[in-house]
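Summary of structural features
Below, each chain spelled out in residue letters.
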Amino acid sequence: MSLSLAAAIPRTTGRWVCSLTATRQRLFHSSAISRAAAASPSQQLQGHNDYSQYGKTFDKILIANRGEIACRVIRTAKKMGIKTVAIHSDADVNSLHVQLADEAVNVGPAPTSQSYLNIPNIIKAIKDTGAQAVHPGYGFLSENATFVKALDEVGVTFIGPSEDAMAAMGDKIQSKIIAKESKVNIIPGFNGVVRDVDHALEISNEIGYPVMLKASAGGGGKGMRIAWNDEEVLEGYKMAKTESMASFGDDRLLIEKFIDNPRHIEIQIISDKHGNTLYLPERECSIQRRNQKVIEEAPSTHIDEKTRKAMGEQAVMLAKHVKYSSAGTVEFLVDSARNFYFLEMNTRLQVEHPITEYITGMDLVEQMIRVAANQKLIPKQEDIKINGWAIESRVYAEDPEKYLPSIGRLSKYIEPKSTKGQNEVRCDSGIVEGSEISIYYDPMICKLCTHGATREEAIENMKHALDSYVIKGVTHNIPLLREVVSHDRFASGKYSTKFLAEEYPTGFKGHAPNPSSLAQLASMAGLMHVKRELRNWAWGRGREALLKEDLQGKAPHSWELFIGVQGVDEKVPVKVEKVGKGANNEDEFEIHTPGMAPFKTSTHWPLESPLISQKFDNGEEVTLQYLDTLPLGFRVQHLGTKFDITVNNPAQHALSKYMPIKEKASTTNMILSPMPGSVVSVDVKVGDVVAEGTAVATIEAMKMANVLRSVRAGVVKSVMVKPGDSVAGDELLVEFEDEAKEAAKGEEKK
């Protein structure tokens, strides 16, 4: 189709060089997230200053956000010839979005309430820089009608919907009423604000369990709790209000019926100010944890053309009812029979918008800017086609087993790149090597997207991208992402929002090697050990001596090894033999491992480099990450999960059974903070007798509240913190009396 959408969003990664202050000059390696960054031949002939194809928009815009979405908006603005202003907190002064923008303004201290939610400071930044428009990204003030009104009052354009449309649809209570008036299918629930916890109990019992308590003012899974009984309503009400206030500055809640075993599917719309609205192909967002999306794909395996059209038309009716203009998303819950129910409308750009851009070729940020500048939409509904399949994995700095955020500095960071020349990999990130993941903000590292002509190809591309994504310095959730995209149930497309809970009922524990993956891991570990040993041999004797001894047959040429893999009881015997020279004059080895046929390899691995790949005889290519050296081996990442590898020769293996196993120290007498954060509440005092599972304290970090519970019954010996305190990871919060001491006291009383 003849649209300005051509070459809209780059799918490749690239290198960005930023001119910083004299004291901060450095190179930043980042992902190019707009396909237009690679200019077409006609654009190259016209020169980089020809922006006429975009029409008249703005000279300068301010991005009222941070991180990857700020970088995302800046890059499209640059593509369109628009100057950009970044805002930042004290904590973000050296962040990538600050470096990419033409100007940057500090709007306050690190806490979001004093910076990214500080409307007066942001308005001042707009006035000081002369920005004509503001793009809010997502989160923060993106759905705050008060902010839109404040911009209107100073004559600055909001790149988003009007104040009225936002107030109507951004409020989940009001939006349900409007959806019903617009003849959109809605979920049974209470169409009003929950007054207090007693009112919550009353409503829940009237609707019937299970119910969903959710923040009226927000989204992104924050301020949401599912309750199956009165007790869970009491606890969920408190937690949902706390998270809602922390995330959105608004603690109003609504309650609706929770549809069991649903699929979460959403429709992207784009509307202009001239009455034109388009719906784009659906996104499936059912892989979730704590009601936050983890993996999305577009289109959905569950939706047929008839349902897609019906959902799209209802989304358009809703948008037109409130005279909506800009990009927005109408979210639905869909049951197994493809009945769909309105969930909410997000009056902003969605986190997962890149996969829609992938399959439509439409730059949604560009369209938002054009609409805000009062341009008409160029494409028609019939122009919107589905091109292939796209998947997004949200890479977070968090423990994938406990879903707890991780903070720290990225000591090594290498994003995956397109390897097929098909622009099949896209990384939307706002960080570089050396960046810090802070306690104050969302722990997202990157939105990793892959595209393919088919769903199967998109999945394979995602597997390869995750395997080659190097992140050191923080704990991350790549192990979980890699396991999900490799799961047979995900491959079948037959899953729901219950996927993670059903497949990992006791929590995700990492990849458990099967016979095939264990044999592959062991053989590659043996090869890595041999290459490292030959290097050490060469360093000890000199390269010329090594070549001479190699010719004379005196250099090492055969190794019998026993490979120990963390989590696997038995060591794997691996035999490696050097058999000559292979491709590119690399040493060639033959490897014998139980469970697989012997194979020859001349794989190139620059020693100590982070990635090594091997294509096996069955056609499967495996990429291993080399992470750290250990006393008797090394640490690697295989299929997303980290494994400590030990390598023993026959003598070491024979003696290893006599090595004592060090037992872990017991921490059952202590409640430790699982992460850095702030103490919201302490629910016990010295002398209290608590049962197993009793709520002891609540810690908030990165806008998420986490209830800490007692792992055993006992008596509280000491309480080390109070509400408002900042705590470090593993800091002692509450201590219990020794179990032996408690038992002795019990005997004395007898």
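Before going into details, it helps to say that this report is about the structure given with it. (Residues numbered from 1 in each chain as written. Predicted model: local features only at pLDDT ≥ 70, side-chain atom pairs only at ≥ 80, totals over all residues. Heavy atoms only, no water.)

Describing the sheet that holds strand S40 (residues 714-719)
- Taken together, four strands build an open sheet; the order of strands is S35-S42-S40-S37 and the sheet is antiparallel. Two strands lie at the open edges of the sheet, namely strand S35 (670-672) and strand S37 (689-690), each paired on one side alone. (Pairing = 2+ DSSP bridges. Helix = DSSP H or I, 4+ residues; strand = E, 2+ residues; numbered from the N terminus.)

Focus: the environment of Leu 611
- Position of Leu 611 relative to the elements: it lies in strand S31 (residues 611-615).
- Placed 26 residues apart in sequence, Leu 611 and Gln 637 show a C-alpha to C-alpha distance of 9.5 Å.
- Dropping the residues within four chain positions of it, Leu 611 is found in contact with Asp 467, Ser 468, Val 470, Trp 605, Thr 623, Leu 624 and Gln 625. (Contact = heavy atoms within 4.5 Å.)

Some points on the pattern of salt bridges
- Following the criterion strictly, the structure yields 51 salt bridges and no others.
- In this structure, Asp 250 and Arg 252 form a salt bridge, with 3.0 Å as the shortest nitrogen-oxygen distance.
- On the basis of relative accessibility, which here comes to 18%, the residue Asp 250 falls in the buried class.
- Where Glu 357 meets Arg 426, a salt bridge forms, and the shortest distance between an N and an O atom there is 3.0 Å. Here Glu 357 is found in helix H11 (residues 353-360), whereas its partner Arg 426 is found in strand S23 (residues 425-429), with 69 residues between them in sequence. (Salt bridge = Lys/Arg side-chain N within 4 Å of Asp/Glu carboxyl O. Buried < 20%, exposed > 50% of the residue type's maximum accessible area, 1.4 Å probe, protein only.)

Comments concerning the pairing of strand S15 (residues 292-298)
- With seven of seven residues buried, S15 is to be regarded as a mostly interior element.
- As defined by bridge partners, strand S14 (residues 283-289) adjoins S15 across four bridges and the pair is classed as antiparallel. Counted as the bridge partner of Gln 288 is Lys 293 from S15.
- Here S14 folds back onto S15, and the loop between the two strands holds two residues, one of which, Arg 290, carries a positive phi near 50°.
- Sheet topology note: the S15/strand S18 (residues 389-396) ladder contains four bridges and is antiparallel. Looking at S18, one finds that Glu 297 is bridged to Ile 391.

Quick word on the packing of helix H4 (residues 119-129) against helix H5 (residues 145-153)
- Contact geometry of H4 with H5 gives a least axis separation of 11 Å together with a crossing angle of 35°. In the crossing of H4 with H5, the sense of the turn from one axis to the other is right-handed. Counting all contacts with H4, which are made through Ile 119, Ile 122, Ile 123 and Ile 126, the residues of H5 involved are Thr 146, Phe 147, Ala 150 and Leu 151.
- Tallied by class, residues from the contact of H4 with H5 come to seven nonpolar, one polar and no charged. (Axes fitted to C-alpha atoms, helices over the stretch in contact; angles between N-to-C directions. Left-handed = near helix turned anticlockwise from the far one by under 90°. Nonpolar A, V, L, I, M, F, W, Y, C, P; charged D, E, K, R; others polar.)

Re unusual backbone geometry
- For the peptide bond that leads from Tyr 209 to Pro 210, omega is 0°, which places it in the cis range.
- Assignment of secondary structure puts Pro 210 in the loop between helix H8 (197-207) and strand S9 (211-215).
- Ala 298 connects to Pro 299 through a cis peptide bond whose omega is -5°.
- Looking at the element boundaries, Pro 299 is found in the loop between S15 and helix H10 (305-321).
- The phi angle at Leu 639 is positive, at roughly 55°, despite the residue not being glycine.
- Position of Leu 639 relative to the elements: it lies in the loop between strand S33 (633-638) and strand S34 (641-648).
- Positive phi outside glycine occurs at Asp 730, with the angle close to 70°.
- Secondary-structure assignment places Asp 730 in the loop between strand S41 (726-727) and strand S42 (732-736).

With respect to the sheet that holds strand S6 (residues 133-135)
- Strand order in the open sheet formed by five strands is S5-S4-S3-S6-S7, and the pairing between neighbours is parallel. Each edge of the open sheet carries a strand with a single partner, namely strand S5 (103-108) and strand S7 (157-158).
- For S6 and S7, the ladder comprises two bridges, and the chain directions are parallel. Note that in S7 the partner of Ala 133 across the bridge is Thr 157.
- Where H4 meets the sheet, its contacts fall on strand S3 (60-63), strand S4 (83-89), S5 and S6, and the angle it forms with S5 comes to roughly 155°.

Notes on the pairing of strand S30 (residues 596-601)
- Across four bridges, the pairing between strand S29 (residues 587-593) and S30 is antiparallel. Considered in S30, the bridge of Glu 590 is made with Lys 600.

Some words on the side chain of Asp 467
- Mapping Asp 467 onto the fold places it in helix H13 (residues 455-467).
- The buried category is assigned to Asp 467, whose relative accessible area is 7%.
- For Asp 467, the contacting residues outside a window of four places in its chain are Arg 482, Leu 611, Thr 623, Gln 625, Leu 639 and Gly 640.

Observations regarding the nonpolar core
- Ranked by internal contacts, the top residues of the largest apolar core, which has 37 residues, are Ile 61, Ile 159 and Ile 369.
- Those elements that place two or more of their residues in this core are S3, helix H2 (67-79), helix H3 (96-100) and helix H12 (364-372).
- When sequence neighbours within four positions are dropped, the list of residues in contact with Ile 369 reads Thr 57, Phe 58, Ile 61, Met 80, Ile 82 and Ile 159.
- If you look at the next biggest cluster of nonpolar residues, it comprises 36 residues, including Ile 391, Tyr 403, Ala 458 and Tyr 469. (Core = buried A, V, L, I, M, F, W, Y, C linked by side-chain atoms within 4.5 Å.)

Observations regarding the side chain of Ser 142
- In this fold, Ser 142 is placed in the loop between S6 and H5.
- Only 2.9 Å separates the side chain of Ser 142 from the backbone oxygen of Gly 139, close enough to count as a polar contact.
- Those residues in contact with Ser 142 that lie beyond four places of it in its chain are Pro 136, Gly 137, Phe 158, Met 166, Thr 347 and Arg 348. (Polar contact = N/O pair within 3.5 Å; in protein donor to acceptor, adjacent residues only side chain to side chain.)

Some details on H8
- Every buried residue of H8 is accounted for by His 199, Ala 200, Leu 201, Ile 203 and Ser 204.
- The N-terminus of H8 is capped by Asp 196, whose side-chain oxygen sits 3.2 Å from the backbone nitrogen of Asp 198.

Quick word on the environment of Thr 242
- Here Thr 242 shows up in helix H9 (residues 230-248).
- Apart from residues no more than four positions distant in its own chain, Thr 242 is found in contact with Val 680 and Glu 700.
- In terms of polar contacts, Thr 242 uses its side chain to reach the backbone carbonyl oxygen of Lys 238, at 3.0 Å.

Let's talk about the packing of aromatic side chains
- This model, assessed by the stated rule, comprises 13 aromatic pairs.
- Ring geometry for Tyr 440 against Tyr 441: centres 6.1 Å apart, planes inclined by 55°, an arrangement best described as tilted.
- Judged by relative accessible area, which is 39%, Tyr 440 ranks as partly exposed.
- Lying across the ring of Tyr 495, Arg 263 places its NZ or CZ 4.8 Å from the centre.
- Positioned over the ring face of Tyr 396 is Arg 289, at 4.9 Å from the centre of the ring. (Phe/Tyr/Trp six-rings, centres within 6.5 Å; stacked < 30°, edge-to-face > 60°. Lys NZ or Arg CZ within 6 Å of the ring centre and 35° of its normal.)

Describing H13
- For H13, built from 13 residues, the straight-helix expectation of 18 Å at 1.5 Å per residue is met to within 8% by its first-to-last C-alpha distance of 18 Å.
- Considered for burial, the residues of H13 that qualify are Arg 455, Ala 458, Ile 459, Asn 461, Met 462, Lys 463, Ala 465, Leu 466 and Asp 467. (Expected span 1.5 Å × (residues − 1).)

Some words on a negative patch on the surface
- A cluster of acidic residues, Asp 196, Asp 198, Glu 202 and Glu 206, forms a negative patch at the surface.
- Its location among the elements puts Glu 202 in helix H8.
- For Glu 202, a relative accessible area of 42% corresponds to the partly exposed category. (Patch = residues over 30% accessible without salt bridge, like charges linked within 9 Å, V, L, I, M, F, W, Y side chains within 5 Å. Areas by Shrake-Rupley, 256 points an atom, 1.4 Å probe, with all protein chains shown as cover. Lys, Arg positive; Asp, Glu negative; His and termini not counted. Charge placed at Lys NZ, Arg CZ, Asp CG, Glu CD.)

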